[in-house]
Amino acid sequence: MSSNNVKPPGWIQRLVERFCEPYLFEGITGDLEELFAENVELRGPAKAKLLYLLQAIGFFRMRFKKKSQTTSNMKAIWHNYLLTSFRSLKRHKAFFAINLVGLITAITCSLFALVYIYDESQFDEHISDAENIYRLYKRHINETEGVDHLTYETSGMMGPTMTDEYPEVVSFSRVLPWWDDVILTYENKNIVSEKLYIVDSNFLDFIGEDLILGDPKTVLTAPASIALSEQLAKSIFGDENPLGKTVVGINDVDYTVTGIFKEQPRQSSLQYNALVSWSSTVPNVGSLNYSWMNNWLAQGIYTFVKLDKQTDPKLVVDKLPDMMQRHFSERADHYFLKLMPFTKMYLHGEDIRHGRGFRSGSITFVYTLGLSAFLVFLIASVNYVNIMLSRATQTKTEVGIRKVMGSSRRQLMGRFVSETFISTLIASIVSYIIILLLLSPLNMVTGKEIPLSAFYQPIAIGAIFGFIVLISLAVGVYPAMVLSSPPVSSILQGANEIGTAGWLRKCLLTFQYAISIFLIVCTITVIRQTNYLQNKPLGFDKEQVLVVGLRNEVGEKVDVFENELLNHPNILSVSTSRSVPGGGNYSTTSFPEGYTDELTTRIFGVDQEFFETYGIQVNAGRTFLKGSIADTNNFVVNQEMVDFMGWDDAIGKHIRFSPDGESYPIIGVIDNFHYHSLASATIEPMVLYLETNQAWNTSIRIGEGNVRETIDYIDDVWSRLATRTPLDFFFVDQWFNDQYIKESQLLKMATAYSFISILLCALGLYGLTALILLQKQKEISIRKVLGASLTSIISLVNRQFIIVISIAFLVAAPLAHYLVSGWLEKFVYRIEMGTIAFILAGGLTLLISLLIVSMLSIKTANTNPSKTLSNE
Amino acid sequence: MKGTNLGELEELIMLTVALLYDEAYGVAVMKEIKKRCNRSITISTVHAALARLQSKGYVDSRYGEATSERGGRRKHLFRVTKAGQKVLEQVKEQRNAIWSEIPSVAFNA
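The rules we used
- Residues numbered from 1 in each chain as written.
- Chains lettered and ligands numbered in written order.
- Predicted model: local features only at pLDDT ≥ 70, side-chain atom pairs only at ≥ 80, totals over all residues.
- Helix = DSSP H or I, 4+ residues; strand = E, 2+ residues; numbered from the N terminus.
- Expected span 1.5 Å × (residues − 1).
- Buried ≥ 20, exposed ≤ 12 C-beta atoms within 10 Å, placed from the backbone.
- Core = buried A, V, L, I, M, F, W, Y, C linked by C-beta atoms within 7 Å.
- Contact = placed C-beta atoms within 7 Å.
- Axes fitted to C-alpha atoms, helices over the stretch in contact; angles between N-to-C directions.
- Parallel < 35°, antiparallel > 145°, perpendicular 65-115°, else oblique.
- Left-handed = near helix turned anticlockwise from the far one by under 90°.
- UniProt positions renumbered as here; feature names shortened; annotations may be inferred.
- Nonpolar A, V, L, I, M, F, W, Y, C, P; charged D, E, K, R; others polar.

### Section: helix α11 (residues 363-390) of chain A
The terminal C-alpha atoms of α11 of chain A lie 40 Å apart, and with 28 residues this matches the ideal 40 Å at 1.5 Å per residue to within 8%. In terms of burial, α11 of chain A is largely enclosed, as 20 of its 28 residues are buried.

Below you can see the structure in the form of structure tokens.
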């Protein structure tokens, strides 16, 4: 053969050699090499090597496999190892239990976090073409007024204009989620839709949803068309064919059902079950006649655009200031339009005000959960390693004898890793069961709806196996290495401590404490901030005020309603208005006297009783006269307006709402009060005007009497006046608390995790101290015999733990400070970081630790020295 | 030991081993089958079949002399055993018997 110099790849040969029966090996490689030499001649070396590999792969089958070297002797050894592992777990029940509890907690926390995060990441996956869809949002800046926030609110003209003017914008679709529940009436059935959107005719096609019934081309084209979800249609029409039927909906207009679509899945940002055609709102076309939805000025529409595949969204964003300049120059300096990718909208849009009707997650929460779970996992791992290391003294005789009998280091490590493996296996099974049992309370706390089936998915099962392998290897191997390390001579001679383990154990302990202190500081701060938000004075008396949302039905008879209510002794005051804290108010621009620019102003339309019902303090002048409409052309403003304008005496100053409109005088100044969530909004300058013909909400102040009975009375009055609609009300203080739902979820989770972390730390400390004391028993006994006092012995043991905790504190405190102050930054109204959280965290850890250590050392110190010293 | 019946490929390989007599090793068997039946079999399949036949006792094997070819590796040579010969003859007889009794109309229709 001429090409003897070309050799087949050696690594393949070695693999084959390792795998194949030695007797067959020579024949096999010989044949392979013969073919290889031929192929080199025929097809060149490169191809020959590839063929060699492919042919060699064919030999990796069971028939050629080396008969296992694991002889029956090896089996016996492994059998023995497993047996000893079980026995040792059984014998050291306390430590086994500590390890097991630690592992179970860690695996449960991590598994839940994993499934939660996975679930969050799966949102909006069902929407085809999602990667080309963007949601328009804007940064609203106004330096003179101190406004700077992100919001999805856009005007109805932005989407159409972008699509007209820029070829890379393929299409747009606008959405207006209706502010309120809508009652759909068919014959004598009234069904509530809490998720109604008004959308452009292309909406369903835009997000790639198919219709079950109806013509996709025309479904939402005609004015007063409505498309319903399958479920909603079923509850309204039963088994009748819904197409072409009419339902009474928004503003008591008749809507024709033109299509039926599938329910949105749970994991969707878009939440709708009824869609009304946009054309219904266009003036002169549809009966809703909302000109504001179709102009530049009003900002209340949500806009989605679809870009061409090849387009870089940044380039489109760069063109938008120019569009604003040309069409809406008044706001070009205040509104900066941006695009949020649809796929990122759910998790990454939490800082953007998103309005009712959309579901949104929180990346902060996801990160916090992931980090907390990871930290708890670390603490538990450290516990495990620490306790295993401390057992070196107990296992060394076993190791010594096994070594003498000829066990290799690797086999011995296997012996200890198998012990970890058994513990982890048990812990994983228990964790899995715990999670399945705890799922619904966990869902409640985190505000999610993870179904049970999520835990049967490959990801969850895979995670369990992952944990078992990971923990067995990552956590089990190091102690196994240490435990199996000592040379036979030193073991059998009876040398005491194993060298390296001591300082390492202290490092691990420090690390563990640092994590724990860190988590406690974070939790305390979150608790303080949430309490602060919930208890901050709102400028009015929020307790015992409830707001009834009026429907047209009762709105028409509101006088009767009010009078009936006032007949009840426990109803102190009643006010009917468009605006209430938490709803019905909006912002616009005004032109106060002496201010050349336009001023963003919060507008409240209220009646004469509003101030009394909410207990709002009057700072100057007076409010609207009761029982009279004489004040229709007068304004009341809030203190913020006066402060912003720098007026000494606001009474008599004039305000107008358009540059050439009528101006009206101010008759009173009231104290600032909050009308939005304190988490994001400041108080703006406010104008309150008298409005008695907009019966949207009735606010009712009730007295100290029986609340339940009073509500029953209200309901009774309501149902006498309303036939179609049920009573719908909320307590104002409850409404404000509901605004902090994200914070309170974060709070609950942070509390749970830091509680678990400190528990695990305490558990680990308990185990560690017990083991150390076991080793030091003789030392302590001798000290006692020589006359040491109980306190000196306790302080001897405690001293090192105090040092450990101090170092941990020094590491954790700055880190926690940095992270938490970053979180606080996001709040307009926030607490000072202060030192209280640090003092509490440090103190609490120190106290618990000293308590555990002292208890254990007292027990040891109180044993009779003769007992411990006698058995040598 | 598994059943004694012979697979089609096993039969073919045994016949080839008998044909090649003293030169029957993996590559040679593979090439002979390719030449005669125009059938491509991978080398590992040949080895697997031979190993299976050996475990059934129909072939036995030895190693040949080392040469400078094949990276200095000896050939793993196979030979059909008495038992193998018997089973091959059995198969042949069974087939012949069936052939002889097929009515002539069966293939003429």
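### Things to note about the nonpolar core
Residue and element names in this part refer to chain A. The biggest cluster of nonpolar side chains holds 87 residues, and the ones touching the most others in it are C109, V376, I517, F518 and V521. With 15 residues, helix α23 (residues 741-785) is the single largest residue contributor to this core. In contact with F518, other than residues within four places in its own chain, are A812, L815 and A816. Ranked by size, the runner-up nonpolar core spans 61 residues in total, among them L176, V199, A274 and Y346.

### What to know about the packing of α23 of chain A against helix α25 (residues 836-862) of chain A
When two helices pack together, their arrangement is captured by the angle between the axes and the distance separating the axes. Residue and element names in this part refer to chain A. Orientation of α23 relative to α25, taken along the N-to-C sense of each, is 30°, at an axis distance of 8 Å. Accordingly, the angle class assigned to the pair α23 and α25 is roughly parallel. As α23 runs across α25, the sense of the crossing is right-handed. Mapping the contact onto sequence places I758, A762, L765, Y766, T769, A770, L773, Q777, I780 and K784 in α23 and I848, S849, I852, V853, L856, S857, T860 and A861 in α25.

### Quick look at the UniProt feature "domain: ABC3 transporter permease C-terminal" (unreviewed entry) in chain A
Listed under "domain: ABC3 transporter permease C-terminal" (unreviewed entry) in the UniProt record, and renumbered for this structure, are residues 372-485 and 753-865 of chain A. Here residues 753-865 of chain A is 86% helix and 0% strand, with 42 Å between the C-alpha atoms at its ends.

### Comments concerning the environment of E32 of chain B
Residues and elements named next belong to chain B. Here E32 is to be found in helix α2 (residues 26-37). Judged by the 19 C-beta atoms lying within 10 Å of it, E32 falls in the partly exposed class. In this structure, the C-alpha to C-alpha distance between E32 and L19, residues 13 residues apart in sequence, is 9.3 Å. Setting aside its immediate chain neighbours within four residues, E32 contacts T16, L19 and L20.

### Thoughts on the environment of G605 of chain A
Residue and element names in this part refer to chain A. Summarising the element assignment, G605 is placed in strand β18 (residues 599-606). Through-space distance from the C-alpha of G605 to that of T692 is 8.4 Å; in sequence the pair is 87 residues apart. When neighbours within four sequence positions are excluded, G605 is seen to be in contact with S577, R578, S579, Y689, E691 and Q694.

### Some details on the interface of chain B and chain A
Note: interface size is frequently given as the accessible area lost on complex formation between the parts. At the interface, 18 residues of chain B touch 17 residues of chain A. Only α2 and α3 (43-56) of chain B provide two or more residues apiece to the side of chain B that touches chain A. With 6 residues, α3 of chain B is the single largest residue contributor to the side of chain B that touches chain A. Partitioning the side of chain B that touches chain A into residue classes produces 6 nonpolar, 6 polar and 6 charged.

### A few points about the packing of helix α18 (residues 558-566) of chain A against helix α21 (residues 707-721) of chain A
All names here are of chain A. Their axes nearest at 10 Å, the elements α18 and α21 cross at an angle of 150°. Put simply, α18 runs roughly antiparallel to α21. Crossing of α18 against α21: the hand is right-handed. Residues V560, F561, E564 and L565 of α18 lie in contact with α21, whose contacting residues are I714, V717 and L721.

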